[in-house]
Amino acid sequence: MTTQSQHEAFMRRALDLARRAWGDTHPNPMVGALIVEDGAVVAEGWHLKAGEPHAEINALRALGRKPRPDATLYVTLEPCCTHGRTPPCTDAIVDAGIARVVAGATDPNPAHAGKGYEVLQAGGVEVISGVLAEECSDLNLVFNHMMTTGRPIFAAKSGVTLDGKVATRTGDSKWITGAPARADGHRWRRLFPAIAVGAGTVRADNPRLTARVGDTEWCPWRFVFDGLLRTVTEKSMPAVYTDEFRERTIVVTTPHGGMGYVRKLNTLGVKTWVMPGSSPKVNFGDFRQRCASEGITGVFFEGGAQLLSELLQGRELDYLFVYHAPVLFADEKGKSILRGLRTESLAQAVRLERVKHEVHGDDSLMRGYLKYPEKMFVDEAVFTRKQYGE
């Protein structure tokens, strides 16, 4: 008889396998699977990328023989029961003669959502679900949001002092957080299909906007929000417009930026999305729809303050990562990353739900889904829009 602690130990191994494809499976979820016989792991597999075999199939193939009659399959996500780009995993599991399936999270895809368990049980397979369900679900933030809302997830990241500042009054910010926290930020960059910043961040920092994990550098889609195309007027063009990854850069702008600058970017190999609008401010709802139509299921926003604040004001920010450093400025003129709301009571505060806490060196990460109040007020006296797209 396998104990709950043993089930959890095997599921943690399956989670480790799933993470081997970190950021590579979009729009599919990351999934890990392993086969256990007589208390020992005899085969392992994970989903590498969309269109290729799922984790369960890879584990069965790795076994290379028919499973023993008492074999158990551990999998981080409910096996699929529909025919998409690959056949249903439930059919393969039943045909292989697996006796028991132990699953982590239930698939949020409405086409599955527990139906896979029913198919397995109808085929004579014992099903145990919900083992480390929270950890297994948390693995697939991007996929889960797309499945449950039909919309790409918009997440933001910031490194702040204990009193919530991202820079001193003079703009000094490198580095508030330590190396372990910054490395973890790159790990999350690697997960999301796209990263986004405003024109002000590009002009001030000239960031590369790649994910550097270990000795490897990977480039997601790189969005630059620049409603007036102020980043194109510089004599020295930003790195994201000239480096080896420039064809992965998309400048999100408006007709107010000037088509001559758009053509200049396109000549360099940089893509442009000219979003309609009566002002130089990009409509985030239109941007989200465009992402969905292009198959971009998640965007990781890293600044600047105006861009993130406008996302928050428009209730368009879904998820937030905040790294807290053991640093205090205690200066009211220090720069904050989010601003512009008129919050007069706790009932009007924006809160995080399903919060996760992690420690990275001396810094701590708090992350979670945003829950907006029923009534939320913008303080136009504090937050003006004199500079679009920063």
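The structure we're discussing is the one just above.
Figured I'd write up the structure that's included with this text. The structure presented is a predicted model; accordingly, all values stated were derived computationally and were not measured. Position numbers for residues start from 1 in each chain and track the written sequence from start to end. Only residues with pLDDT of at least 70 are given local features in this predicted model, and only at 80 or more are side-chain atom pairs given and counted; all residues enter the totals for whole chains, interfaces and linings. For the side-chain quantities, the full set of heavy atoms in the structure was used; hydrogens and water were omitted.

On to the overall build of the protein. Each helix is a run of H or I in the DSSP string that is no shorter than four residues. Each strand is a run of E no shorter than two, and both are numbered from the N terminus. Within the protein one finds twelve helices and 18 strands. We compute the radius of gyration from the C-alpha atoms alone; for a globule the expected value is 2.2 Å times N to the 0.38, where N is the number of residues. Since a compact globule built from 390 residues should have a radius of gyration of about 21 Å, the 23 Å found for the protein is in line with a globular shape. Its C-alpha atoms give the protein principal-axis dimensions of roughly 70 × 45 × 40 Å. Buried, partly exposed and exposed residues are distinguished by accessible area as a fraction of the type maximum, computed with a 1.4 Å probe on protein chains only: under 20%, between the cut-offs, and over 50%, respectively. Expressed as a percentage of the 390 residues in the protein, the buried residues total 50%. Across the protein, every contact between residues at least 6 apart in sequence was considered, and the portion connecting residues at least 24 apart equals 73%. Here the accessible surface of atoms and residues is derived via Shrake-Rupley with a 1.4 Å probe, and residues count as covered only by protein chains that are part of the display. When the accessible surface of the protein is totalled, it reaches about 17900 Å², and 50% of it is carbon and sulfur. The charge count treats Lys and Arg as positive and Asp and Glu as negative. His and the chain ends do not count. Charged side chains are reduced to one point each, which is NZ for Lys, CZ for Arg, CG for Asp and CD for Glu. Across the protein, the mean location of the 48 positive side-chain charges is 6 Å away from that of the 46 negative side-chain charges. Contacts were defined at the residue level, with two residues in contact if any of their heavy atoms lie within 4.5 Å.

When two rings of Phe, Tyr or Trp (its six-membered ring) have centres within 6.5 Å they constitute a pair, described as stacked for plane angles under 30 degrees, edge-to-face for angles over 60, and tilted for the intermediate range. Applying the stated criterion across every chain, the model contains 16 aromatic pairs. An angle of 45° between the planes, with centres 5.7 Å apart, marks the rings of Phe-225 and Phe-284 as tilted. Within this pair, whereas Phe-225 is found in strand S11 (residues 221-225), its partner Phe-284 is found in helix H11 (residues 284-293), the two being separated by 59 residues in sequence. Across this residue pair, the class does not change: Phe-225 and Phe-284 are buried. Linked through ring pairs, Trp-22, Trp-188, Phe-192, Phe-300, Tyr-319, Phe-321 and Tyr-369 together constitute an aromatic cluster.

Before going further, it helps to examine the environment of Thr-86. Positionally, Thr-86 belongs in the loop between strand S3 (72-77) and helix H3 (89-96). In the structure, Thr-86 is positioned 216 residues away from Glu-302 in sequence and 36 Å away in space, judged by C-alpha atoms. With residues up to four places along the chain from it excluded, the contact list for Thr-86 reads Gly-51, Glu-52 and His-54.

Look at any regular strand and the pattern is simple: side chains alternate between the two faces of the sheet. Two strands make a pair as long as DSSP finds a minimum of two bridges between them. Pairing of strand S12 (residues 249-253) with strand S13 (residues 271-274) involves four bridges; the strand directions are parallel. Within S13, the position partnered with Thr-253 by the bridge is Val-274.

Reading across the sheet, the nine strands line up as S13-S12-S11-S8-S14-S6-S15-S18-S17 and stay open at both edges, with mixed pairing between neighbours. Each of the sheet's edge strands pairs with one partner strand only, and the pair in question is S13 and strand S17 (351-360). Strand after strand, the sheet turns through a mean of 20° between neighbouring axes, direction not considered. Convention adopted: a line fitted to C-alpha atoms gives each axis, helices being fitted over their contacting stretch, and angles between N-to-C directions are expressed from 0 to 180 degrees.

Now for the side chain of Asp-226. Checked against the element boundaries, Asp-226 lands in the loop between S11 and helix H9 (239-242). With no salt bridge to any partner, buried Asp-226 finds its closest opposite charge in Arg-230, at an N-O distance of 4.4 Å. Here a polar contact is taken to be a pair of N or O atoms separated by no more than 3.5 Å, where protein atoms must pair a possible hydrogen donor with a possible acceptor and residues adjacent in sequence count only if both atoms sit in side chains. In this structure the side chain of Asp-226 is engaged in a polar contact, spanning 2.9 Å, whose partner is the backbone nitrogen of Leu-229. A pairing counts as a salt bridge when a side-chain nitrogen of Lys or Arg comes within 4 Å of a carboxyl oxygen of Asp or Glu.

Joining through side-chain atoms within 4.5 Å is the link that ties buried Ala, Val, Leu, Ile, Met, Phe, Trp, Tyr and Cys residues into a set, and such a set is a nonpolar core. Counting 52 residues, the largest nonpolar core has Met-11, Ile-35, Ile-98, Val-101, Trp-188, Phe-192 and Phe-321 as its most contacted members. Of all the elements, helix H1 (residues 4-18) adds the most residues to this core, at six residues. When neighbours within four sequence positions are excluded, Phe-321 is seen to be in contact with Leu-141, Ala-155, Ala-156, Lys-157, Ser-158, Trp-188, Phe-192, Phe-300, Leu-365, Met-366 and Arg-367. If you look at the next biggest cluster of nonpolar residues, it comprises 31 residues, including Ala-156, Ile-296, Phe-301 and Leu-317.

Here we take up the side chain of His-145. Mapped onto the elements, His-145 comes out in helix H6 (residues 141-149). The exposure class assigned to His-145 is buried, which follows from its relative accessible area of 8%.

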